[in-house]
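Descriptive analysis of the structure
Chain by chain, the residues:
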Amino acid sequence: MALSCTSHALAHCFVGARFFPATLATDDPCVADEMSLPTVGWSKTGDVPAATEWDFSGELSKRITDNFGISIGQGWTSIRQADGTLTQGFDNFETAFQYQIVKDREHELAVLSGLVVDWGHTGSTGSGLATDYSLVTPTVYIGKGFGDLPSEFGWFRAFAVTAQVGYQIPTNSFDIAQNIFIPQQLIYGASLQYSMSYLKSEIVDLGLPDFINHLMPIVELSLTTPVANNFGNPYTTTGTVNPGVIYVGSGFQVGLEAMVPVNRASGTGVGVLGQLHLYLDDMFPSTYGQPLIGGLATNTPRKL
């Protein structure tokens, strides 16, 4: 498979020969110029009886320098209860500030630090879907490919893992309107992914159809656990396991995953998560695809 990445700084999440795609339920470990629009999720809540929830969101990311980037995101949620009651509105506006700490080409290792802020009073607070307080989440993201293993490991070297862990801190400790404490939470997740393009280009060409060589089977795990200021409430972990597949094209990718709740509190039945992701550095390599500072060097073609 020959997909081009034209940014001289490898704005996609390339680390040596390894490409980390934009994951759907978590985040990849690189700064980049890209856009997710839309990301759509459908699921059944953990209420008794369960409600039907639709989530729509978009996110835009921009590099300021080769190693520092920002992103902005907005979501809209619709929840229909079993009795027909409908609640819908915008989530709080989200920003993220990220810095690339490590990109080790030889060991296919990427480490990214970030600060995610969900801004209070920016969503539909009257509907209960957004809060009047902000959430600040320092986060670390890691990606590791197994291509540096000895050749005896064969096809296994096409595997890669990513992980992230963040500590979410609300700007208020008590919600007066609902008369409840607002917990601090651990927000964490991981992915296991298998790159068919890496298998072909770096290990062995099996002569598979071109469509197959663009696929990346993936399993994601996304979890939340209250860890502090949760007086009187159970410290229950909630989240989903998301098996799925990503198709990586030239300038875009399309992902589709099932959302399997880890327990009853996380939801009922199996949901669906889909995303269209655009690589703006491929689409606009000499304008938007360049860092705002230090982005005038000559582009060097790059193959995926």
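The shown structure was predicted, so the numbers you read here are calculated from the model rather than taken from an experiment. (Residues numbered from 1 in each chain as written. Predicted model: local features only at pLDDT ≥ 70, side-chain atom pairs only at ≥ 80, totals over all residues. Heavy atoms only, no water.)

As for the packing of aromatic side chains
Per the counting criterion, the structure on display carries 12 aromatic pairs. Look at Phe19 and Tyr279: their rings are 6.0 Å apart centre to centre, the planes differ by 70 degrees, and that puts the pair in the edge-to-face class. Of this pair, Phe19 sits in strand 2 (residues 18-19) while Tyr279 sits in strand 17 (residues 271-279); the two residues are 260 residues apart in sequence, bridging distant segments of the chain. Residue classification places Phe19 among the buried residues on the basis of a relative accessible area of 4%. Each member of the aromatic cluster is reached from another via a ring pair, and the members are Phe146, Phe153, Phe156, Phe159 and Tyr194. A cation over a ring is seen here: Arg18 above Tyr198, with NZ or CZ 3.9 Å from the ring centre. (Phe/Tyr/Trp six-rings, centres within 6.5 Å; stacked < 30°, edge-to-face > 60°. Helix = DSSP H or I, 4+ residues; strand = E, 2+ residues; numbered from the N terminus. Buried < 20%, exposed > 50% of the residue type's maximum accessible area, 1.4 Å probe, protein only. Lys NZ or Arg CZ within 6 Å of the ring centre and 35° of its normal.)

Focus: the confidence of the model for the chain
Mean pLDDT over the chain: 92, with 93% of residues reaching 70 or higher. Low pLDDT (under 50) marks residues 1-9, which in the prediction has 48 contacts with non-local residues, meaning those over four places away or in another chain. In this model, residues 297-303 is a region of pLDDT below 50 whose contacts with residues beyond four sequence positions or in other chains number 24 contacts. (pLDDT = per-residue confidence, 0-100. Contact = heavy atoms within 4.5 Å.)

Concerning the state of the cysteines
Taken as a whole, this structure holds 1 disulfide when the rule is applied. Each disulfide pairs two cysteine sulfurs, and for Cys13 the partner residue is Cys30, the sulfurs being separated by 2.0 Å. For the disulfide bridge between Cys13 and Cys30, the dihedral angle about the S-S bond is near 60 degrees, and by the sign convention the bridge is right-handed. Residue Cys13 is found in the segment before strand 1 (14-15), and its partner Cys30 is found in the loop between strand 2 and strand 3 (34-44); the two are separated by 17 residues along the sequence. Of the two residues, Cys13 and Cys30, both sit in the buried class. (Disulfide = S-S within 2.5 Å.)

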